[in-house]
Amino acid sequence: MMGKIILTGDRPTGRLHIGHYVGSLRRRVELQESGAFEKIFIMIADAQALTDNADNPEKVRQNILEVALDYLSCGLDPKKSTIFIQSQISELTELTFYYMNLVTVQRVQRNPTVKAEMLLRGFNDTEGADNKAGTPVGFFCYPISQAADITAFRATTVPVGEDQEPMIEQTREIVRKFNATYGPVLVEPDILLPENSACLRLPGTDGKAKMSKSLGNCIYLSDSAEEVAAKVKGMYTDPGHLQVSDPGKVEGNTVFTYLDAFCRPGDFERFGDCFKGRKSSFEFHDLDEMKAQYRAGGLGDVMCKNFLTAILNDTLEPIRVRRKALEQDIPYVYEVLREGSDKARELAADTLADVRRAMKINYFDPEILDELVREQSEKYANA
Ligand code: TRP
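Residues numbered from 1 in each chain as written. Predicted model: local features only at pLDDT ≥ 70, side-chain atom pairs only at ≥ 80, totals over all residues. Heavy atoms only, no water.

## Quick look at the overall build of the protein chain
- In terms of regular secondary structure, the protein chain is built from 17 helices and 5 strands.
- Taken along the three principal axes of its C-alpha coordinates, the protein chain extends 100 × 50 × 40 Å.
- Per element, the accessible surface of the protein chain, about 19,500 Å² overall, is 54% carbon and sulfur.
- One way to put it: in the protein chain the 47 positive side-chain charges average out to a point 2 Å from where the 58 negative ones average out. (Helix = DSSP H or I, 4+ residues; strand = E, 2+ residues; numbered from the N terminus. Areas by Shrake-Rupley, 256 points an atom, 1.4 Å probe, with all protein chains shown as cover. Lys, Arg positive; Asp, Glu negative; His and termini not counted. Charge placed at Lys NZ, Arg CZ, Asp CG, Glu CD.)

Here it is, written out as C-alpha cells:
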C-alpha cells in the first residue's frame, strides 16, 4: 500500500489572515505532526495568482515572501513539509496543456467556483471600455492547472476550504478521463475539509460572509496585539443586544463564531478574569455555559470581546514571535523555498515522464527511439 501524500497551497495575493489559520494552516500543521503522511507538499501558487493579476507581477512577487513567512511562523516545518513556488516547476505547465484536451469549455463554465470568481472580477462583461473586460483564457483554465498541481505530486489528500470543492471534483474527473484514455497513471485525490463549521468559512470582523482584504474586515496573522484588540472591539455582534441585560443572539454573532473557531478547553480557566466585573461576575466552564448566559441576558459584549481578544492573542503571540525572528533571516526563507522547489521538481518530473510514456509522446526515450526507428524503417522498406 502506498503512503498518503498531501498537496495544498495558497495564492500569494496578500498576507494570510486568521481565516486562513483556522480554515487551513492550523490543520496543516496538525497533519504534518500526525505522521500519517508519507509526503506533504505546500505550494505557493504564484502562477495561479497571475491568472487574474497579469498586470501586477510585483504584487505577486512581494507576497510570495509574506506567505512563506506566515507558513513558517505557523509551524510548517521544511524538514517535514516541502514548501515550494508553483512557477518554478515548469512540468506543471506541460501537464496542464495535455489535460486541457480532456476537459470541455462547457464543463469549466459550469464550475461553480469559476462562475463566482468571474462575477466577482467582472470578467463576465464583454462590452467593458477597458481591455480588462472578458475572461483571460489563463484564468479560465486555472481549474485544469490545479489538476496538474495535485496530480503531479500524486497527491491522495487535498486539505482545502469548501470553496475548493468544485476544483477537486474537476481534478477527479480529469484523472478518470486520463486513466481511461491512456492507462492507469494518475492518482485520484480526496478532499479533506475543515472539521468544524465555524472554521469552514470564518466571517469578517464586520460579520460579512468572508474575510477579504478589499472589505477591510481581516485580522492578519502579522497584526500586533493592539491591532487585534482594536479590531475585536469594533467587531459586529448582535445589533439587538442594546443593554447588557437584554437577551442576546449567538447565531450570526461574529464574536461567538470566532469563539467557536478558536476557543479551546482550558481557555475558561486561563482567561476567566475577563468575566470578573465591578457590576457582575461570571464563572463559565465551557462555551455552552457562556452562550446560555448571553442568550439569557446580563452578559455584556465587552466581556465577551475581552475574552476573545485574550484567546486570539494567546494563539497569535507565538506565531508573531517566530515571524519576527524569521524576518531577520530572509536568506533562510528563500533557501527553504529554493530547496523545496528543487525537491518538488523531481517528483513532478517523474510524473510527467509517466504521463508522456502513457500518451506515447516519449519519442526519444532510448528504447522507444529504437523501436520507432525499426517500426518506421520496416514500413518504408516494405513500401
Ligand atoms: N486555488 C487555491 C486557492 O485559491 C490555491 C491552489 C492552487 C491550490 N493550486 C492548488 C489548492 C492545488 C489546493 C491544491 O486557495
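## Observations concerning the environment of D267
- Here D267 shows up in helix α13 (residues 267–270).
- Residue class for D267 comes out buried when judged on its relative accessible area of 4%.
- For D267 and D314, which are 47 residues apart along the polypeptide, the C-alpha to C-alpha distance reads 9.7 Å.
- For D267, the contacting residues outside a window of four places in its chain are F262, G272, F307 and I311. (Buried < 20%, exposed > 50% of the residue type's maximum accessible area, 1.4 Å probe, protein only. Contact = heavy atoms within 4.5 Å.)

## A short note on the nonpolar core
- Membership of the largest hydrophobic core comes to 64 residues, with the highest contact counts inside it found for I18, M290 and F307.
- If you tally residues by element for this core, the top one is helix α15 (residues 301–327), at 9 residues.
- Among residues more than four places away in sequence, those in contact with I18 are L202, M211, I219, L221, Y258, F262, L312 and L316.
- Counting residues in hydrophobic clusters, the runner-up holds 44 residues, among them I89, Y99, F139 and I361. (Core = buried A, V, L, I, M, F, W, Y, C linked by side-chain atoms within 4.5 Å.)

## Some remarks on the site of the ligand
- Taken together, 13 residues surround the ligand, and among them M43, Q48, Q146, D149 and Q164 come closest.
- The contact in question runs from an oxygen atom of the ligand to an N or O atom on the side chain of R11, over 3.3 Å.
- Between the ligand and the protein, one listed contact pairs a nitrogen atom with a side-chain N or O atom of Q48 at 2.7 Å.
- Taking 370 Å² as the accessible area of the ligand by itself, protein coverage stands at 90%.
- The pocket occupied by the ligand, as judged from atoms lying within 2 Å of grid points, is the largest pocket.
- Of all the secondary-structure elements, those providing two or more residues to the shell around the ligand are β1 (5–10) and α8 (142–152).
- Residues of the shell around the ligand, tallied by class, amount to 6 nonpolar, 5 polar and 2 charged. (Near = heavy atom within 4 Å. Polar contact = N/O pair within 3.5 Å; in protein donor to acceptor, adjacent residues only side chain to side chain. 1 Å grid on protein atoms, 1.4 Å probe; cavity = no way out; pocket = protein on both sides within 12 Å on 5 of 7 lines; lining within 4 Å. Sits in = over half its atoms within 2 Å of the grid points. Nonpolar A, V, L, I, M, F, W, Y, C, P; charged D, E, K, R; others polar.)

## Brief notes about the layout of surface pockets
- Roughly 1,600 Å³ of internal volume is contained in the largest pocket.
- What lines the largest pocket is a set of 48 residues, and nearest its centre among them are T13, H20, E117, D163 and K210.
- Elements with a contribution of two residues or more to the lining of the largest pocket: β1, α1 (18–34), α6 (112–120), α8, β4 (157–159) and α10 (197–200).
- Counting residues per element, the lining of the largest pocket draws most heavily on α1, which supplies 5 residues.
- Its residues assigned to classes, the lining of the largest pocket comprises 18 nonpolar, 17 polar and 13 charged. (Points joined across faces, edges and corners; volume = space filled by probe spheres on them.)

## What about empty space enclosed by the protein?
- Enumeration according to the criterion identifies 1 cavity of 30 Å³ or more in this entry.
- The volume enclosed by the largest cavity comes to roughly 40 Å³.
- Along its surface, the largest cavity is lined by G23, S24, R27, R28, P159, V160, L192, L193 and P194.
- Looking at the lining of the largest cavity, the element that brings in the most residues is α1, giving 4 residues.

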